[in-house]
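Given next are the chains, with one letter for each unit.
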Amino acid sequence: MEKLLSHLAYLEIESPDVEASASFYADNFGMRIVDRVDGAVYLRCWGDYYRYSLVVSHGPQPRLSRMTWRAASPEALAEAARRVEAAGVTGEWADAGHAHGRAYDFVGPYGHPMRLLWEIERFGAEPEQTSIFPDRPERRSSHAGAPRFLDHVTLASPDVDGFAAWYRDVLGFRLMARTQLDDTDVSVFSVLTTNEKSHDLGVVLDHSTMPGRVNHIAFWVDTHEELLISADVLMENGTPMEYGPGVHGIGEQHFLYFREPSGLRVELNSGGYRNYVPDWAPNTWTPGKGGMNFYRNGATVMSIYESFPPADGLTATEDGVHPDMVEALTNS
Ligand SMILES: [Fe+2]
């Protein structure tokens, strides 16, 4: 299969309080508001090459309303759409609207809205934001610990292996690693990628009956030191750390997790390996091998398994963790 997708371009999320979420991303996290259109707020990181990487619009609950991926070429976009249709999913060609060209929109087999496009607006900074370095879309943010780029999105599905296989087989994602429970064949987590990063798409097990949920959205800083500064800035401004800072075994990124005002989980990453192997065969991890926590020396916070929108009537443990997994995670 020729390369179909190049990378994750932007995410659209919903929040019950758009202004609270937008001001959090801009004032506390270090992104910048670039546009407001029809009640939606468009934000970018200083290093994002396209005009925006996050769109916040109003909705009753925190939710991922769409993930948009850039194809590898105009021909790859057409081929990706053809493959989606051949897999039995009917999408539609649409005008991608604000700042973007034609796009192919569809809902993946586990309920996740996805947009594929080729045409997209490259960001051009205003003179007062122009970097002294030609390759930077704008000058480095003066906000301490500000994210440089959008990094990845991790979704939730009742069938982790089925989800991973569909995105691998239909759209050409490389399946990079998977986690299943010790002594069982229950698959609870997988990571996939369109490029050399360890992942730009993740999937966790979902025990709810709600389709299309998201576990977290993630951004990137260049260094571990910046990640620690970001944690410091967030905490000083009223945002506690949900989990981390720490290091993942899978991907080997430094990480921290926190919640934005809607309750949606946001991750910040730095580091990690690059993997260019075209026929990479994913290894299978178990919780005890340290996929979540490289050092294998701390309990995973159970709230990390909650996905969004929240599943009525389920505790965090019931939401995303197989009952057999609780003890393993608590002890790993
Ligand atoms: Fe993540």
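Residues numbered from 1 in each chain as written. Predicted model: local features only at pLDDT ≥ 70, side-chain atom pairs only at ≥ 80, totals over all residues.

- The name that an unreviewed UniProt entry assigns to the chain is Catechol 1,2-dioxygenase, with the source organism given as Georgenia ruanii.
- Listed in UniProt under the heading Sequence similarities (unreviewed entry), the comment for the chain reads: "Belongs to the extradiol ring-cleavage dioxygenase family." (UniProt positions renumbered as here; feature names shortened; annotations may be inferred.)

Re the overall build of the chain
Part 1 of the argument: Along the chain, the regular secondary structure elements total six helices and 17 strands.
Part 2 of the argument: On C-alpha atoms alone, the chain measures out to a radius of gyration of 19 Å, which is about the 20 Å that the 2.2 N^0.38 rule sets for 332 residues.
Part 3 of the argument: Overall size of the chain, expressed as C-alpha extent along the three principal axes, is 60 × 50 × 40 Å.
Part 4 of the argument: Within the chain, the proportion of its 332 residues that are buried is 45%.
Part 5 of the argument: Residue pairs in contact within the chain that sit at least 24 positions apart in sequence constitute 66% of those at least 6 positions apart. (Helix = DSSP H or I, 4+ residues; strand = E, 2+ residues; numbered from the N terminus. Rg over C-alpha atoms; globule rule 2.2 N^0.38 Å. Buried ≥ 20, exposed ≤ 12 C-beta atoms within 10 Å, placed from the backbone. Contact = placed C-beta atoms within 7 Å.)

Focus: the sheet that holds strand S17 (residues 283–285)
Part 1 of the argument: Pairing within the open sheet is mixed, and its nine strands lie in the order S14-S15-S16-S13-S9-S12-S11-S10-S17. The open sheet has two edge strands with one neighbour each: strand S14 (243–247) and S17. Strand after strand, the sheet turns through a mean of 20° between neighbouring axes, direction not considered.
Part 2 of the argument: The sheet contacts of helix H3 (residues 160–171) involve strand S9 (149–157), strand S10 (174–180), strand S11 (187–193) and strand S12 (201–205), and relative to S11 the element is tilted by about 15°.
Part 3 of the argument: The sheet contacts of helix H4 (residues 224–236) involve S14, strand S15 (253–259) and strand S16 (265–271), and relative to S16 the element is tilted by about 155°. (Pairing = 2+ DSSP bridges. Axes fitted to C-alpha atoms, helices over the stretch in contact; angles between N-to-C directions.)

As for the UniProt feature "domain: VOC" (unreviewed entry) in the chain
Part 1 of the argument: The feature "domain: VOC" (unreviewed entry), as annotated in UniProt, sits at residues 7–119 and 149–271 in this numbering.
Part 2 of the argument: Counted over residues 149–271, helix gives 20% and strand 44%. Its end C-alpha atoms are 13 Å apart.

Some words on H4
Part 1 of the argument: Its 13 residues give H4 an end-to-end C-alpha distance of 19 Å, which sits within 8% of 18 Å, the value for a rise of 1.5 Å per residue.
Part 2 of the argument: Three or more residues of H4 are buried, namely Glu226, Leu227, Ser230 and Leu234. Each buried residue of H4 sits inside an arc of 100° when the element is viewed along its axis, so together they form one side. Of the exposed residues in H4, those oriented more than 90 degrees away from the buried face are Glu225, Met235 and Glu236.
Part 3 of the argument: Next to the buried residues of H4 lie helix H1 (18–29), S14, S15 and S16.
Part 4 of the argument: Of the residues flanking the end of H4, it is Gly238, one or two places downstream, whose phi is positive at about 95°. (Expected span 1.5 Å × (residues − 1). Arc of directions from axis to C-beta.)

Re the pairing of S11
Part 1 of the argument: Burial within S11 is extensive, with seven of its seven residues counted as buried.
Part 2 of the argument: Of the strand pairs in this sheet, S10 and S11 are connected by six bridges, and their pairing is antiparallel. The residue of S11 that forms the bridge with Ala177 is Val191.
Part 3 of the argument: Two strands pair when backbone bridges link them, and S11 and S12 are joined in this way by four bridges, in the antiparallel orientation. The residue of S12 that forms the bridge with Leu192 is Leu201.

Brief notes about the environment of Met31
Part 1 of the argument: Within the fold, Met31 resides in the loop between H1 and strand S2 (32–37).
Part 2 of the argument: Separated by 116 residues in sequence, Met31 and Pro147 have C-alpha atoms that sit 6.9 Å apart.

With respect to the pairing of S15
Part 1 of the argument: Among the seven residues in S15, six count as buried, and that is most of the element.
Part 2 of the argument: Where S14 lies against S15, three bridges are found, and the strand directions are antiparallel. Bridge pairing links Tyr243 to Tyr257 in S15.
Part 3 of the argument: What sits between the antiparallel neighbours S14 and S15 is a turn of five residues, in which Gly251 has the positive phi angle 90°.
Part 4 of the argument: Two strands pair when backbone bridges link them, and S15 and S16 are joined in this way by seven bridges, in the antiparallel orientation. Considered in S16, the bridge of Phe258 is made with Val266.
Part 5 of the argument: Connecting S15 to the antiparallel partner S16 that follows it, the hairpin turn spans five residues, and Gly263 within it adopts a positive phi of roughly 100°.

Regarding the environment of Ile13
Part 1 of the argument: With respect to the helices and strands, the residue Ile13 is situated in strand S1 (residues 5–15).
Part 2 of the argument: Take Ile13: there are 26 C-beta atoms within 10 Å of it, and that puts it in the buried class.
Part 3 of the argument: Along the backbone, Ile13 and Gly59 are 46 residues apart, and their C-alpha atoms lie at a distance of 8.6 Å.
Part 4 of the argument: Leaving out residues up to four positions away in the same chain, Ile13 has contacts with Leu54, Val56, Arg63, Leu64, Ser65, Ile217 and Leu264.

So, the nonpolar core
Part 1 of the argument: Core analysis: the biggest nonpolar cluster contains 80 residues, and Leu11, Leu54, Ala71, Ala80, Leu116 and Val153 have the highest contact counts within it.
Part 2 of the argument: Here Leu11 is in contact with Ser53, Leu54, Leu64, Met67, Leu150, Val153 and Ile217, once residues within four sequence places are set aside. (Core = buried A, V, L, I, M, F, W, Y, C linked by C-beta atoms within 7 Å.)

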